[in-house]
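What follows is the residue order along each chain.
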Amino acid sequence: MTAPLDVLVVGAGPTGLALATQLRSYATPLRIVDRSLDRARESRAPVIQPRTLEMLAPFGVTDDLVDRGNATAGLHLHLPRRELRVPVFDVGCDDTPYPFLLFLPQSETEAVLSAHLTARDVTVERGTELLTAEPEGEHVTCRLRHRDGTEETVRARYVVGCDGAHSTVRAHAGIAFEGYAYPQTFLLADLEADGLEPGAAHTYLTAAGLLFFFPLGTPATWRMIAMHPPGARGSDDVNLDLLQRIADDWTPKGPTLRDPVWMTSFRIHNRGAAHYRKGPFFLAGDAAHIHSPAGGQGMNTGIQDALNLGWKLAHVCRGAAPEELLETYEAERAPIGHGVRRLTDRAFTVGTSSHPVLRLARTRLAPHVAPLLLRATGARARLFRTVSELGIHYRHGPASVTGPRRPRQGPRAGDRLPDTPAGLQRRAAGPDYHLLLTGPDRAWPEDPPLDGRGDLVRVHRLGAQSPWPGIAHALVRPDGYVGYLARGTDLTGLRTYLDHWLPAPWTEGRRRSGEGISRGT
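Keep in mind that what you see is a predicted model, and the values were worked out from it rather than measured.

What counts, and where the lines are drawn
Residues numbered from 1 in each chain as written. Predicted model: local features only at pLDDT ≥ 70, side-chain atom pairs only at ≥ 80, totals over all residues. Heavy atoms only, no water. Pairing = 2+ DSSP bridges. Helix = DSSP H or I, 4+ residues; strand = E, 2+ residues; numbered from the N terminus. Buried < 20%, exposed > 50% of the residue type's maximum accessible area, 1.4 Å probe, protein only. Polar contact = N/O pair within 3.5 Å; in protein donor to acceptor, adjacent residues only side chain to side chain. Contact = heavy atoms within 4.5 Å. Core = buried A, V, L, I, M, F, W, Y, C linked by side-chain atoms within 4.5 Å. Axes fitted to C-alpha atoms, helices over the stretch in contact; angles between N-to-C directions. Parallel < 35°, antiparallel > 145°, perpendicular 65-115°, else oblique. Left-handed = near helix turned anticlockwise from the far one by under 90°. Nonpolar A, V, L, I, M, F, W, Y, C, P; charged D, E, K, R; others polar. Phe/Tyr/Trp six-rings, centres within 6.5 Å; stacked < 30°, edge-to-face > 60°. Expected span 1.5 Å × (residues − 1). Salt bridge = Lys/Arg side-chain N within 4 Å of Asp/Glu carboxyl O.

Draft legend 1. Representation of the sheet that holds strand 20 (residues 433–438) within the structure. Taken in spatial order, the five strands make up an open sheet running 19-23-22-20-21, and their pairing is mixed. Either end of the sheet is taken by a strand with one partner, and the two such strands are strand 19 (401–402) and strand 21 (457–463). As paired elements, strand 20 and strand 21 share six bridges and run parallel to each other. Counterpart to leucine 437 in the pairing with strand 21 is arginine 461.

Draft legend 2. Region of interest: the side chain of glutamine 244. If you trace the backbone, glutamine 244 turns up in helix 6 (residues 240–250). The class for glutamine 244 is buried, based on a relative accessible area of 18%. Within the local environment of glutamine 244, its side chain forms a polar contact with the backbone nitrogen of leucine 257, the two atoms lying 2.7 Å apart. Leave out the neighbours within four places in its chain, and glutamine 244 touches Pro255, Thr256 and Leu257.

Draft legend 3. Fine view of the nonpolar core. Within the largest apolar cluster, 93 residues are counted, with the highest numbers of intra-cluster contacts made by Leu8, Leu65, Val159, Leu313, Val457 and Leu475. Apart from the residues lying within four places of it in its own chain, the contact partners of leucine 313 are Val7, Leu23, Tyr158, Val160, Phe282 and Leu326.

Draft legend 4. Geometry of the sheet that holds strand 11 (residues 177–194). Reading across from one edge, 5-4-12-13-14-11-15-18 is the order of the eight strands in this open sheet, with mixed pairing throughout. The two strands at the open ends of the sheet, each matched to only one other strand, are strand 5 (82–86) and strand 18 (289–290). Bridging between strand 11 and strand 15 (residues 256–273) involves 14 bridges; their strand directions are antiparallel. If you follow glutamate 178 over to strand 15, its bridge partner there is glycine 272. Where helix 6 meets the sheet, its contacts fall on strand 11, strand 12 (200–205), strand 13 (210–215), strand 14 (222–227) and strand 15, and the angle it forms with strand 15 comes to roughly 85 degrees.

Draft legend 5. Here's a closer look at the packing of helix 1 (residues 14–25) against helix 4 (residues 106–119). The contact between helix 1 and helix 4 brings their axes to 10 Å, and the two run at 25 degrees. As far as their axial angle goes, helix 4 and helix 1 are roughly parallel. Here helix 1 runs over helix 4; the crossing is left-handed. Here Pro14, Leu17, Ala18, Ala20, Thr21 and Arg24 of helix 1 lie close against helix 4, whose contacting residues are Gln106, Glu110, Leu113, Ser114, His116 and Leu117. For the contact of helix 1 with helix 4, the per-class residue count stands at six nonpolar, four polar and two charged.

Draft legend 6. Fine view of the packing of aromatic side chains. In the structure shown here, the tally under the stated rule is twelve aromatic pairs. Grouped by ring-pair contacts, the aromatic residues Tyr158, Tyr276, Phe282 and Tyr329 constitute a single cluster.

Draft legend 7. Geometry of helix 1. Helix length check: helix 1, at twelve residues, gives a terminal C-alpha distance of 17 Å against a target of 16 Å (1.5 Å per residue), a fit within 8%. Most of helix 1 is tucked away, with eleven of its twelve residues classed as buried. Residues of helix 1 that are buried include every one of Pro14, Thr15, Gly16, Leu17, Ala18, Leu19, Ala20, Thr21, Gln22, Leu23 and Ser25, and no others. Tucked into the core, helix 1 has its buried residues touching strand 1 (5–10), strand 2 (30–34), helix 4, strand 7 (124–126), strand 10 (151–161) and helix 7 (298–317). Of the residues one or two after helix 1, alanine 27 is the one with positive phi, at around 60 degrees.

Draft legend 8. Here's a closer look at the pattern of salt bridges. Summed over all chains, the structure comprises 26 salt bridges. The closest approach of N and O atoms between aspartate 194 and arginine 258, which form a salt bridge, is 2.8 Å. In this pair, aspartate 194 is assigned in strand 11 and arginine 258 in strand 15, connecting sequence segments 64 residues apart. Taking relative accessible area as the criterion, aspartate 194 reaches 35% and is therefore assigned partly exposed. Using a relative accessible area of 34% as the deciding quantity, one classes arginine 258 as partly exposed. Taking the shortest distance from any N to any O, the salt bridge between aspartate 451 and arginine 495 comes out at 3.2 Å. Within this pair, whereas aspartate 451 is found in the loop between strand 20 and strand 21, its partner arginine 495 is found in helix 12 (residues 492–501), the two being separated by 44 residues in sequence. When salt bridges that share partners are traced, they join Arg51, Glu54, Asp95, Arg385 and Arg416 into one network.

Draft legend 9. Spotlight on the environment of glutamate 151. Structurally, glutamate 151 is set in strand 10. Overall, glutamate 151 belongs to the partly exposed group, its relative accessible area being 45%. Along the chain, glutamate 151 and leucine 130 lie 21 residues apart, while their C-alpha atoms are 9.8 Å from each other.

Draft legend 10. A look at unusual backbone geometry. In the segment running from threonine 218 into proline 219, the intervening peptide bond is cis, with an omega of 0 degrees. Inspection of the secondary structure puts proline 219 in the loop between strand 13 and strand 14. Geometrically, the link from threonine 420 to proline 421 is a cis peptide bond, its omega value of 5 degrees lying close to zero. Counting through the fold element by element, proline 421 comes out in the loop between strand 19 and helix 11 (424–427). Positive phi, close to 60 degrees, is recorded for alanine 27, a residue that is not glycine. By the element assignment, alanine 27 lies in the loop between helix 1 and strand 2. The exposure class of alanine 27 is buried, given its relative accessible area of 5%.

This is the structure in structure tokens:
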């Protein structure tokens, strides 16, 4: 039996790869396994949201993702008897360096993250299946079966299930997966579509339901998603003739479809894990929540699950933070998962229901109402903040604390740190906590008292170039969210916060893990 691990990551899709990437940045002893013999080659999740790009940026992978993807795509909404070009990035996005939806096949996202790990000596163990996982004392004893049939027993302090809707980790943890399946069957294909304006996403709102064409680039130019028409069922019925018939029937000038590289049918579920943690077991991504693909939320929510959890596991494993920090994972991420399931369910129902009232709304009301809604910049800004996931916050979480005097303006405790002024996110990125001091430099001591945490907390003097006016101080967590915030120069509340959530000096944590943190990418 090999030496115990800190973390065993089960599942090497985008969620598992993101978790392993963050853990590696702390030199946390880990292994990542996946029973599939290869990474995804199909496009699958085709959209990366701005907040996900922000959170991946500290690891040096975001620029590569953007270079590979389509960041200039517009949105064309095709309604009965009219077409609208929807402005997506003109409002609500002035505080992010990534004011766009990035269209990129999931296969490319996985390729970038996998290459990042390989360059840092982390091997994704493909063809390796988790057979059993039994808590024993301070570790979980896990039995793995490799692609050649040999079996291995490993011990890990924590096991994280990033292994999808049919999660083996969730089953071994005994966590219920509650929800329901939608009655509709959907068709999905990556193919060529002649006649569509390139560089834009096309949505057709019809009486029968929704039809989408998303720009991919690779492995084909377009991703097509449509409801299966009444009649045939099952993947055997998915063929180019059927897809062309849908395009002809559901669009006024049907594009000519050709050269499919992947076609399938699928059912959509709306389910969530009863808990995101049970003892040493954690769930993230599709293992914790599955829902309609409306709004491109699924993969992004999973990656952000991972990047909320990874730094917490790393800090606890090296002894720098209390076990209580891990309890904040479910407290913060479960409400997000519930909210995404609720939002996508409403959007899915409106877009696909056969109820006469909703069919009437899609065909008769939408062409008149949609232009009015698009003129309401406030509504569009709120919609963009929601879909882009820039509006996600943990204000009500146990690790979000406001001091006795709160700044009158600016982000609150639990909010994401905006990129205001431009470049602030990059400056306050990395595996550390970041203490931001605003106002005149003379207002602050030369060396703020961190009580031995100087290697865990970096200090930044922002002056007047700050999201908060006047004199204030904020502690930004490693995932880019504000943990503590107060107005003025009294650091008593900050020290109380640090004593609670980061009580151990760095030297103790380093002895615990045996390695120093990797600050570079």
